[in-house]
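Now for the letters of each chain:
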Amino acid sequence: MVEIQYAPSADTLIPWSECHSIERWHYDRMFAELRRGRTLGDWLFIVTESVAGVPRVGARVVVILKSDEQSRPPMYADTVQAIFRNYHRAESHSGMRSVFPLPLPSLIPNPPPLRPTPTRRIDIAFMGHAGDRRRGFVENLVALQATRRDLRIEFIPTGAFRGGLSPAEYSRTLADSRIALCPRGGSVETFRFTEALQHGCVVIAEKQPPHPFYLPEEYHVVADWSMLGPLVQHLLPIDAESRLASDAAHQAYRYWERALSPEAVAQYVLETLKGF
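All chains use their own residue numbering, which begins from 1 and follows the written sequence. At least 70 in pLDDT is required for a residue's local features to be given in this predicted model, at least 80 for side-chain atom pairs to be given and counted, and no such filter applies to totals for whole chains, interfaces and linings, which use all residues. Excluding hydrogens and water, the side-chain values take into account all heavy atoms of the structure.

Engineer: Would you mind going over the sheet that holds strand β1 (residues 2-9) with me for this structure?
Structural biologist: Through backbone hydrogen bonds, the strands of a sheet pair up, either in parallel or in antiparallel fashion. Should DSSP find at least two bridges between two strands, the strands are taken to pair. Strands here mean DSSP runs of E at least two residues long; helices mean DSSP runs of H or I at least four residues long; both are numbered from the N terminus. Read from one edge of the open sheet, 6 strands run β2-β1-β3-β4-β5-β6, paired in mixed fashion. The sheet is open, and its two edges are formed by β2 (12-15) and β6 (99-101), each paired on a single side. Recorded for the sheet is a direction-independent mean angle of 30 degrees between the axes of neighbouring strands. The contact definition used throughout considers only heavy atoms, calling two residues in contact when any of these lie within 4.5 Å. To obtain an axis, a line is fitted to C-alpha atoms, over the contacting stretch when the element is a helix, and the angle between two such axes runs from 0 to 180 degrees between their N-to-C directions. Relative to the sheet, helix α1 (residues 24-35) contacts β1, β3 (43-48) and β4 (58-65), its axis offset from that of β1 by approximately 150 degrees. Here helix α7 (residues 262-273) sits on the sheet and contacts β3, β4, β5 (80-85) and β6; the angle it forms with β5, its principal contact strand, is near 150 degrees.

Here it is in structure tokens:
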């Protein structure tokens, strides 16, 4: 049996059904898939944001640690069976063999139907925070807008995380975009990376961490954003046909489906736990 609880603090445990986080839909589907794994056995899964402690420990306790962008080492790593965490950095978890990376989920539970790449009206899209950490990215994107007036570039800067467009508008824009730009913000990973693939966008991003679910061959890597112009010229050349595959949207979506979707993440957790 798989039991799921939520720990809003180090000493409080409540039913998972009482958690109302914006990632809830993703973990609901992930846990549903875990419960279908008949070989899993009895486990207590605790979802938390706490690195200080969890209310229950033991050999059959698994922690889902989310939302800690600072990647602080969990102080209870040696008291539970395994910890799967967002924002996993190897240098912060040296010697912690029970701590495993977990991809950031999409925050969009019901995206529009997948549209073929050639029918999408927006060539390149970025909607998000344009603060100091993304200054170089913004400068290169503005320069691209000035030099490639043949392209429809949707650049909607916001002042904060989840500011600007409503979730529904954000989702519709992604679904109508051929290329999504996914720059780093406060951390190496970004929700936008997962969401863009879920919506079938061709992704341009800095290299993601060397985790098993991030496959460099499935997105276009830039060492820095000064490469944006040349890369766009290669993919969407002036006075020539697009080099984007006609089924690029389906390729991107299939990658999300097999590596980053709730069901794929559940299978990754199952395979990892088989080693215990």
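Engineer: Just to check I follow, could you spell out the pattern of salt bridges for this structure?
Structural biologist: Pairing is possible between side chains of opposite charge, provided their charged atoms come close. What makes a salt bridge here is a side-chain nitrogen of Lys or Arg within 4 Å of a carboxyl oxygen of Asp or Glu, nothing more. Counted according to the given criterion, the structure contains 16 salt bridges. A salt bridge links Asp176 to Arg121; the shortest N-O distance between them is 2.7 Å. Taken together, the residues span a long stretch of sequence, with Asp176 in the loop between α3 (167-175) and β9 (177-182) and Arg121 in the loop between β6 and β7 (122-129) at a distance of 55 residues. Only protein chains enter the accessibility calculation, which uses a 1.4 Å probe; a residue whose area is less than 20% of its type maximum is buried, one above 50% is exposed, and one in between is partly exposed. Take Asp176: its relative accessible area is 4%, and that puts it in the buried class. Note that Glu154 is salt-bridged to Arg152, the shortest N-O span being 3.7 Å. A relative accessible area of 21% places Glu154 in the partly exposed class. Overall, the relative accessible area of 37% leaves Arg152 in the partly exposed class.

Engineer: Got a minute to help me understand the environment of Pro210 in this structure?
Structural biologist: Take Pro210: it is sitting in the loop between β10 (202-205) and β11 (220-221). Overall, Pro210 belongs to the exposed group, its relative accessible area being 82%. For the pair Pro210 and Leu270, spaced 60 residues apart in sequence, the C-alpha to C-alpha distance is 20 Å.

Engineer: Explain the packing of aromatic side chains here, please?
Structural biologist: Two descriptors summarise a pair of aromatic rings, namely the distance from one centre to the other and the angle between the planes of the rings. Side-chain rings of Phe, Tyr and Trp, where Trp is taken by its six-membered ring, are said to pair if the distance between their centres is within 6.5 Å; with planes under 30 degrees apart they count as stacked, over 60 as edge-to-face, and otherwise as tilted. Counted by the stated rule, this structure contains 15 aromatic pairs. Here the aromatic rings of Phe31 and Phe45 are separated by 5.8 Å at their centres, their planes lie at 65 degrees, and the arrangement is edge-to-face. Here Phe31 is found in helix α1, whereas its partner Phe45 is found in strand β3, with 14 residues between them in sequence. No difference in accessibility class separates Phe31 from Phe45, as the two residues are buried. Every member of this aromatic cluster is reached through a ring pair, and the members are Phe84, Phe100, Phe193, Phe213, Tyr214, Tyr219 and Tyr268. Here Arg60 stacks its cationic end above the ring of Trp43, 3.8 Å away from the centre of that ring. Whether a charge lies above a ring is judged from NZ of Lys or CZ of Arg, which has to be within 6 Å of the ring centre and within 35 degrees of the ring normal.

Engineer: Sorry, what's going on with the pairing of β9 here?
Structural biologist: Looking along a regular strand, one sees the side chains alternate between the two faces of the sheet. Of all 6 residues in β9, 6 are buried, a share of seventy percent or more. Note: β7 against β9, 3 bridges, orientation parallel. When the sheet's bridge partners are listed, Ile122 is paired in β9 with Ser177. The sheet contact formed by β9 and β10 spans 4 bridges and is parallel. Along β10, the bridge assignment pairs Cys182 with Ala205. Convention used here: a crossover is right-handed provided that the path from the first strand, over the helix, to the second strand proceeds clockwise when the strands point away from the viewer. Assessed by its sense of winding, the connection that carries the chain from β9 through helix α4 (residues 191-198) to β10 is right-handed.

Engineer: What should I look at first to understand α7 in this one?
Structural biologist: A rise of 1.5 Å per residue sets the reference length of α7, with its 12 residues, at 16 Å; its end C-alpha atoms lie 16 Å apart and thus fit the reference within 8%. Counting buried positions along α7 yields 9 of 12 residues, so the element is predominantly enclosed. Taken residue by residue, α7 has Pro262, Ala264, Val265, Ala266, Tyr268, Val269, Leu270, Thr272 and Leu273 as its buried positions. Tucked inside the fold, the buried residues of α7 contact α1, β3, β4, β5, β6 and α6 (248-260). What a helix is expected to span follows from its residue count: subtract one and scale by 1.5 Å.

Engineer: Even after reading the chapter, I still don't get the nonpolar core, so can you show me in this structure?
Structural biologist: Across soluble globular proteins, nonpolar side chains have a tendency to be buried as a group. Think of a nonpolar core as a cluster: buried Ala, Val, Leu, Ile, Met, Phe, Trp, Tyr and Cys residues, connected wherever their side-chain atoms sit within 4.5 Å. With 49 residues, the main nonpolar core has Phe31, Phe45 and Phe84 as its most contacted residues. For this core, the element with the highest residue contribution is α7, accounting for 6 residues. Among residues more than four places away in sequence, those in contact with Phe45 are Val2, Glu3, Ile4, Gln5, Phe31, Leu34, Leu40, Val62, Ile64, Val269 and Leu273. If you look at the next biggest cluster of nonpolar residues, it comprises 22 residues, including Leu141, Ile179, Leu228 and Leu244.

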